Amino acid sequence: MTEVGRSTNYEEVDRLGDDWRLARRCRACGSWLTSPASVAAGIGPSCAQRESGR
Ligand SMILES: [Zn+2]
């Protein structure tokens, strides 16, 4: 039986959650965002600038 992973995994994910959820993609260009601010905005700095700047 190898069904042990499940609940253990959830705890693990919960503990690391905030960290790896920071990996998110820019909705404009699709590249990975790593800075918390960009992730919060869902868009990269340069793309955000381009969007709001025009
Ligand atoms: Zn972008």
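Residues numbered from 1 in each chain as written. Predicted model: local features only at pLDDT ≥ 70, side-chain atom pairs only at ≥ 80, totals over all residues. Heavy atoms only, no water.

Novice: Is there a simple way to explain the overall build of the protein in this structure?
Specialist: The helix and strand inventory of the protein stands at three helices and two strands. In the protein, the succession of helices and strands from N to C terminus is α-β-β-α-α. The buried share of the protein, reckoned over its 54 residues, is 17%. A sequence separation of at least 24 residues applies to 3% of the contacts in the protein between residues at least 6 apart. As displayed, the protein has an accessible area near 4,800 Å², and 52% of this comes from carbon and sulfur atoms. (Helix = DSSP H or I, 4+ residues; strand = E, 2+ residues; numbered from the N terminus. Buried < 20%, exposed > 50% of the residue type's maximum accessible area, 1.4 Å probe, protein only. Contact = heavy atoms within 4.5 Å. Areas by Shrake-Rupley, 256 points an atom, 1.4 Å probe, with all protein chains shown as cover.)

Novice: For this particular structure, what's the right way to read the environment of Ser31?
Specialist: Note that Ser31 resides in the loop between strand S1 (24-25) and strand S2 (32-33). For the pair Ser31 and Ile43, spaced twelve residues apart in sequence, the C-alpha separation works out to 9.0 Å. The contacts of Ser31, once residues within four sequence positions are left out, are Arg24, Arg25 and Cys26.

Novice: I'm lost on the side chain of Ser38 in this one. Help?
Specialist: Note on placement: Ser38 falls in helix H2 (residues 36-41). A polar atom in the side chain of Ser38 sits 2.8 Å from the side chain of Ser35. When sequence neighbours within four positions are dropped, the list of residues in contact with Ser38 reads Leu33, Ile43, Gly44 and Pro45. (Polar contact = N/O pair within 3.5 Å; in protein donor to acceptor, adjacent residues only side chain to side chain.)

Novice: I'm lost on the pattern of salt bridges in this one. Help?
Specialist: Oppositely charged side chains can form a pair if their charged atoms are brought close together. Evaluation of the coordinates by the stated rule reveals one salt bridge. Salt-bridge contacts for Glu51 lead to Arg27; the nearest nitrogen and oxygen are separated by 3.3 Å. Here Glu51 is found in helix H3 (residues 45-53), whereas its partner Arg27 is found in the loop between S1 and S2, with 24 residues between them in sequence. Judged by relative accessible area, which is 46%, Glu51 ranks as partly exposed. (Salt bridge = Lys/Arg side-chain N within 4 Å of Asp/Glu carboxyl O.)

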